[in-house]
Amino acid sequence: MEEVSSLYVHVPFCRKKCIYCDFYSLEKGERGDYLKLILKELNLNAPQFNQFPTVYFGGGTPSLMGAPFFEGVLSRIGQFSEVSVEVNPEDATREKLKEYKEVGINRISLGIQSLNDRVLRALKRQNTAKENLKAIENSLSVFSNVSVDLIYGAPGQTLEELLKELEVITSYPIKHISLYALTLYEGTPLLEKVRKGEVKLPEEEETSEFYYNAIDFLKDRGFSQYELSNFAVKGFESRHNISYWKLKNYLGLGPSAASFLERTYRQNLKDLKAYREKVERGELPTEVEERYSKKELLELKLLMGLRLTEGIDLEELKIREAFEELSKREPVNSLLEEGLLVYNRPVLRIGKKGLFTYNAVVGTLISSLL
Amino acid sequence: MPSQELIRNFCIIAHIDHGKSTLADRLLEFTGTVSKRELKEQMLDTLELERERGITIKLNAVRMKYKAEDGKTYTMHLIDTPGHVDFTYEVSRSLSACEGALLVIDATQGIEAQTIANFFLALDAGLEIIPVINKIDLPSANPEWVKEQIEEVLGLDPEEAILASAKEGIGIKEILEAIVRKVPPPSGDANKPLKALIFDSYYDNYKGVIPFVRVFDGKIRPGMKIKLMSNEKEFEVVEVGTQNPNMVKLEELSAGEVGWIAANIKNIEDTQVGDTITDAENPTEEPCPGFRPAKPMVFAGLYPVDSDDYENLKEALEKLKLNDAALFFEPETSAALGFGFRCGFLGLLHMEVIKERLEREFGLNLIATAPSVVYKAYLKDGTVKEVQNPAQMPPPEKIERIEEPYITASIITPSEYVGPIMQLCQDRRGIQTGFTYIDTNRVELRYDMPLSEILFDFFDKLKSVSRGYASFDYEFAGYKPSELVKLDILINGKPVDALSVIVHKDKAYQRGRQLVDKLKEIIPRQLFEVAIQAAIGNKIIARSNVKALRKDVLAKCYGGDVTRKKKLLEKQKEGKKRMKMLGKVEVPQEAFLAVLKVD
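Residues numbered from 1 in each chain as written. Chains lettered and ligands numbered in written order. Predicted model: local features only at pLDDT ≥ 70, side-chain atom pairs only at ≥ 80, totals over all residues. Heavy atoms only, no water.

Student: Could you clarify how one ought to interpret the pattern of salt bridges in this entry?
Tutor: Two side chains of opposite charge can pair, provided their charged atoms sit close to one another. Enumeration according to the criterion identifies 55 salt bridges over all chains in this entry. A salt bridge links R320 of chain A to E324 of chain A, with the shortest nitrogen-to-oxygen separation between them at 3.0 Å. Taken together, the residues span about one helical turn, with R320 of chain A and E324 of chain A both in helix α13 (residues 320-326) at a distance of four residues. For R446 of chain B, the salt bridge identified is with E444 of chain B, shortest N-O distance 3.0 Å. Look at R446 of chain B and you get partly exposed, because its relative accessible area is 30%. (Salt bridge = Lys/Arg side-chain N within 4 Å of Asp/Glu carboxyl O. Helix = DSSP H or I, 4+ residues; strand = E, 2+ residues; numbered from the N terminus. Buried < 20%, exposed > 50% of the residue type's maximum accessible area, 1.4 Å probe, protein only.)

In structure tokens form, the structure reads like this:
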């Protein structure tokens, strides 16, 4: 069996849910026994999984948890080199961050989302721009590997405002930036507001302009884009996330967490209560389990892998000839001609022009190829 | 063999829904031809689709025995007629097989367009016409009002009209007695050479093509060599018989009788409606008058959505063709749609019925191109080209003139809708040729109009402007020159053959604009800008762009959750199945019918 390269731990608790977020999280969840549950679930997957080169605590709001939680998980696994925790600005005090560092955490992903108060209000975030700056400073005083999450395309945001935010952020020795277009998901309050016409998001032409301007700006500042939404100073790419995109094996713990082991995809029960009952009974809290066919696996490898700007080696996937044959005809021929896809035998990658229409480009490719 | 004196051949003619089929059922029941229990509702309509739509397409002929008040037993042949304008010629042939006709008029609706059209057909065929005022049991029935119309519009004696309710069985005996008394018996000569008129045929899996005939002179019996006079083809008769309503074998069919013939005929095109069958060894001198080969008036391309279905479509068309001499098809290739068939139909209804049967009975998923009439292009080199497919219209510089088929249309409407109907007809290039009051409240409008103008939602429009009260009938009125141009649609600079249409010069700009706008609505945004243009020759007359997709991305990636991405991909793949690639542009199937839907 191929080794498992990464461990994801979901922390499904928030002080207050964000209006645009559709990840599973509770505002009033019982978290006293959460460590116990996670360890028990890890045990259910043992003994084959106990070494993870990368560990990622995501949420929810993992920074609601004290250092003992992380220590408890990390002490049970050996050989980790990248350990990330998502931290909310209000939790980013020096004291807390120092404790985190002491238990083995070495990378902070700071969810500031914006440095513009109007945008923060529009997103109904709890923090001000000033507090966010403070959080960045605190993080950098403790950790050298700090990433920030930024959202663009919020209601009323202008390009100048976005570039200004990037200007400020890149004036700090930040190593990694995740830049996300505000996206409407089913079941979120923001989508409801947009449907009711209470809130209007920028037009897609405008959002596209934000995106491409941000790419150019960040490149100037020494951040190279290694994935659709991720930018890093060389050497500081998120190894954990790269292993998802390369469809390596990963284990996910906690409600709603997903695992991918060999060809089998598994997703845990979303509801904390149901999850707890299962784990306490000593059963895997699986909600969905699917074993992918070779074809589906190939589809996923393309779908995920092309998000990385380095592209995919088609020879490795054994589809080089099929692709080259297909590339002479429509619609793939035009994708290449227009620079939406770039082919450098044997590596296929998404072209810069195709990044922001990724779904359509890769969807067209896959529908034609497979 | 009944003596001719005791034979009566008649048909029932009526406007749609005036109760023709119910009356036929009642006659069969009253004469004991079928018992009530056997009588499936509307016995004579055999196709499921026809029953659903309340129309009859295939003809049938049933033999009934009736013991009249004079004490004699009569052999009556009821010859059914199709009830739609597409089949006017077929109707006229059925009428020619009779000596009399029951003209059924709804007591609540009065005379409608098809009542008049059928009346004149029957008059032309020299039939004795017996008016029947049906549905007199309904509370809104107004027989006196209908009688006035019978006198004024048709010029018949209203006192001769029989009051009836087929539904309630009222007046049925009176109708049968009137047939005995008024409809003349056949007057052919059984000793003359055989002369029989084909008024219908169908395909039987065991016996081959079975023509239905009316024998005028002579006799026909098994073993006899017969000849079809239009194509000189000869066959040996295997069986003859009648329908009562089951297929019953007889020793012979003699002058005056109606029945069927089995003669190992393989191809339905050999037994065309209106053709005359005679004795191959001793032929009659003159065929029955009025024969005209079945000629499709409306053409459309039918293409399988899934190109793998081409063979299945071919087989399905062949099967339908077995029973439908009027259906024409030949292979056609479209740059846009691939391999398919150019199909010819008698009219719009015929086309719709065929398309629906292909989809329903054969499970095919089809793209139909917009229907077109047959244009005659007179070229400068002196030749004439018949154009069934607009894409094949020669370039304008080669054309001397173009002629298109015209119809004479009759529309009967309550007078308050005359204004909007006249407007509609005028918009459709109609020229008014008549305006007659049928009664104090209703008007018959007559128009000369290009056939092509009624192909595009004319019926729906007529219904909506008259709130469903106007009735419509038309007949073919020959070819006339028109100022026509071919309008091409270009997608990203390339003409799409399946979207070309032929339109009147004065309407080209408007139609071009409408088509381009409609296509802009239908074609989804894609990775490239899509330019849609309408052109006449090299001249672009309208254009529009479908802007390129600018954002289609799942930005936030919790990489571990692949379900959302997978779902999206599945949805995309599903969507692509309904698309046709035109170059690099994906075009949804419904685009090819866009031309039908523009206002």
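Student: Would you mind going over the packing of helix α7 (residues 310-322) of chain B against helix α8 (residues 348-362) of chain B with me for this structure?
Tutor: Two quantities define a packed helix pair, namely the angle between the helix axes and the distance between the axes. All names here are of chain B. Running from N to C, α7 and α8 point in directions that differ by 115°, and their axes come no closer than 11 Å. The two elements α7 and α8 cross, and the hand of that crossing is right-handed. Residue-level inspection shows L313, A316, L317, K319 and L320 of α7 in contact with α8, the latter providing I354, R357, L358 and F362. For the contact of α7 with α8, the per-class residue count stands at seven nonpolar, no polar and two charged. (Axes fitted to C-alpha atoms, helices over the stretch in contact; angles between N-to-C directions. Left-handed = near helix turned anticlockwise from the far one by under 90°. Contact = heavy atoms within 4.5 Å. Nonpolar A, V, L, I, M, F, W, Y, C, P; charged D, E, K, R; others polar.)

Student: Help me understand the sheet that holds strand β13 (residues 247-250) of chain B, please; the structure alone is not making it clear to me.
Tutor: Residue and element names in this part refer to chain B. Taken in spatial order, the eight strands line up as β11-β10-β16-β7-β8-β15-β12-β13 in an open sheet, and their pairing is antiparallel. The sheet is open, and its two edges are formed by β11 (234-236) and β13, each paired on a single side. For this sheet, the mean inter-axis angle between neighbouring strands, taken without regard to orientation, is 40°. Pairing of strand β8 (residues 208-217) with strand β15 (residues 258-262) involves three bridges; the strand directions are antiparallel. Bridging from a neighbouring strand, F212 pairs with W260 of β15. (Pairing = 2+ DSSP bridges.)

Student: Can you help me understand the environment of V153 of chain B in this one?
Tutor: All names here are of chain B. When you line up the elements, V153 lands in helix α5 (residues 143-154). Residue classification places V153 among the partly exposed residues on the basis of a relative accessible area of 22%. Along the sequence, V153 and D439 sit 286 residues apart, while their C-alpha atoms lie 8.3 Å from each other. If sequence neighbours within four positions are ignored, V153 has contacts with I111, I116 and I438.

Student: Before we go on, may I ask you to explain the interface of chain B and chain A in this structure?
Tutor: In many analyses, interface size is given as the accessible surface area lost on bringing the parts together. Opposite the 31 residues of chain B that make contact, chain A presents 49 residues. The contact between chain B and chain A buries some 3800 Å² in all, and 59% of this surface belongs to carbon and sulfur atoms. Between E299 of chain A and K573 of chain B there is a salt bridge; the shortest N-O distance is 2.4 Å. At the surface where chain B touches chain A, the tally comes to twelve residue pairs in polar contact (both at pLDDT 80 or more). Counting residues per element, the side of chain B that touches chain A draws most heavily on helix α13 (residues 563-577) of chain B, at ten residues. Taken together, the residues that form the side of chain B that touches chain A break down as twelve nonpolar, five polar and 14 charged. (Buried area = accessible area lost by both parts, 1.4 Å probe. Polar contact = N/O pair within 3.5 Å; in protein donor to acceptor, adjacent residues only side chain to side chain.)

Student: Whenever I open this one, the pairing of strand β1 (residues 7-14) of chain B confuses me. Can you help?
Tutor: Along any regular strand, the residues point their side chains to alternate faces of the sheet. Residue and element names in this part refer to chain B. Along β1, eight of the eight residues are buried, which leaves the element largely enclosed by surrounding structure. Here β1 pairs with strand β3 (residues 73-79) via five bridges, running parallel. In the sheet register, F10 faces β3, and the bridge partner there is L78. With five bridges connecting them, β1 and strand β4 (residues 100-106) associate as parallel partners. Residue pairing for β4: A14 is matched across the bridge by V104.

Student: Hey, could you run me through the environment of Y203 of chain B in this one?
Tutor: Positionally, Y203 of chain B belongs in strand β7 (residues 195-204). Excluding anything up to four places from it in sequence, Y203 of chain B contacts G208, V209, K266, L322 and N323 of chain B.

Any functional reading would require information beyond the geometric quantities listed.
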